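# Notes for the structure review
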Amino acid sequence: NPLRLLDVSAVMRGGEIDAEGQVVLEDRARQLARFDAHHDIAAGEGAARIAADRIVFGTELQPYEITERARGLVENVRGPIAVGADIDWTRHAIRGRGVVRIDGVSLATSTIPIVNDVHGSVAFDDLFTLTTAPGQAVTVGELNPGLAVQNGRVRFQLLTDQRVAIESAEFDFAAG
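Here is a short report on the structure shown in this document. Throughout this document, residue positions are counted from 1 along each chain, in the order its sequence is written. Residue-level local features of this predicted model are given only where pLDDT is at least 70; pairs of side-chain atoms are given and counted only at 80 or more, and the full residue set underlies all totals for whole chains, interfaces and linings. Side-chain measures were taken over the full set of non-hydrogen atoms in the model, leaving aside hydrogen atoms and water.

### A look at the overall build of the protein chain
Under the convention used in this document: Elements are defined by DSSP. Helices are runs of H or I of four residues or more, strands are runs of E of two residues or more, and each kind is numbered from the N terminus. Note on exposure labels: buried denotes an accessible area under 20% of the residue type's maximum, exposed denotes more than 50%, and partly exposed covers the range between, all computed with a 1.4 Å probe on protein chains only. We call two residues in contact whenever any of their non-hydrogen atoms come within 4.5 Å of each other. Note that accessible areas follow from Shrake-Rupley with a 1.4 Å probe, and for residues the cover is restricted to the protein chains shown. In this tally Asp and Glu are treated as negative and Lys and Arg as positive; neither His nor the chain ends contributes. A single reference atom marks each charge: NZ on Lys, CZ on Arg, CG on Asp, CD on Glu.
Summing up its helical and strand segments, the protein chain has 1 helix and 11 strands in all. N-terminal to C-terminal, the α/β element order of the protein chain is β-β-β-β-α-β-β-β-β-β-β-β. Counting over 176 residues, the protein chain shows a buried share of 32%. Counting contacts in the protein chain only where the partners sit at least 6 residues apart, residues at least 24 apart contribute 39% of the total. Summed over all atoms, the accessible surface of the protein chain reaches about 10,300 Å², with 55% contributed by carbon and sulfur. With 17 positive and 25 negative side-chain charges, the protein chain shows a separation of 0 Å between the mean positions of the two kinds.

### Considering the side chain of Q22
Rule in force here: Pairs of N or O atoms within 3.5 Å make up the polar contacts considered here, provided that, within protein, one atom can donate a hydrogen while the other can accept it, and that residues adjacent in sequence are counted only when both atoms are side-chain atoms.
Along the polypeptide, Q22 turns up in strand 2 (residues 16-25). Within the structure, Q22 has its side chain in polar contact with the side chain of D7 (distance 2.7 Å). Every residue in contact with Q22, bar those within four places of it in the chain, is listed here: R4, L5, L6, D7, Q31, A33, R34 and F35.

### Quick notes on unusual backbone geometry
Phi angles above zero are rare outside glycine, and L130 is one such case at about 55°. In this model, D161 sits at a positive phi of 60°, which is unusual for a non-glycine residue. In this structure, D161 sits in the loop between strand 10 (149-159) and strand 11 (163-172).

### As for the environment of Q22
Classification of Q22 as buried rests on a relative accessible area of 15%. Each C-alpha atom, one on Q22 and one on I112, is 35 Å from the other, the two residues being 90 residues apart in sequence.

### Regarding the pattern of salt bridges
The criterion, for reference: Salt-bridge detection follows one rule: a side-chain nitrogen of Lys or Arg within 4 Å of a carboxyl oxygen of Asp or Glu.
Counting across every chain of the model gives 6 salt bridges. A salt bridge links E68 to R71, with the nearest nitrogen and oxygen atoms 2.7 Å apart. Judged by its relative accessible area of 42%, R71 falls in the partly exposed class. A salt bridge links D88 to R97, with the shortest nitrogen-to-oxygen separation between them at 2.9 Å. Take R97: its relative accessible area is 27%, and that puts it in the partly exposed class. What you see here is one network of salt bridges that share partners, running through D88, R95 and R97.

### Let's talk about the environment of R163
Positionally, R163 belongs in strand 11. Classification of R163 as partly exposed rests on a relative accessible area of 43%. Considered as a pair, R163 and D7 are 156 residues apart in the sequence and their alpha carbons are 37 Å apart. Aside from chain neighbours lying at most four places away, what touches R163 is Q157 and L158.

### Let's talk about the pairing of strand 9 (residues 136-144)
Cut-off, in case you're wondering: Here, strands pair whenever DSSP counts at least two bridges between them.
Bridge count between strand 7 (residues 114-126) and strand 9: 7 bridges; the pairing is antiparallel. Of the residues in strand 9, the one forming a bridge with S121 is A137. As paired elements, strand 9 and strand 10 share 7 bridges and run antiparallel to each other. Each bridged residue has a counterpart across the sheet, and for L143 the counterpart in strand 10 is V149. The antiparallel pairing of strand 9 with strand 10 creates a hairpin that spans 4 residues between the two strands, and G146 there sits at a positive phi of about 135°.

Here is the structure:
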């Protein structure tokens, strides 16, 4: 969804630009993150670092309001995350990587209506396709697709086309 840059300050010196400012949701003017960027004009390349120390999802904000790619994937998200992203570009390509730290988030998916108290970090190797390397790990306080299980440990990989490869999932159930 459209984002805007606000309170931007920039300095151009010796053919290079350094800038910093805020990243906000355009339709709500809600600050999501801060950024700093560097661009070498002659080389046509640069990099930006985006940091959001705390984004809290709930009735006021849902992931699909930031990116439509989240619509239908997760719903009714509640709780805080932190995000760090690195964007690099040249005249020929743009690349984005990032890490999302999840600290007690609850949500629903189209197939699992209750997922509570998720903790962990997810490292995206491509922010534009929302994919990860194998071996991402989170803990899950409760998962309830109709029969509740607690204290989960899940390893996974996010693939293209909103697919997930579950590498392992272990939950405490029936005394172990």
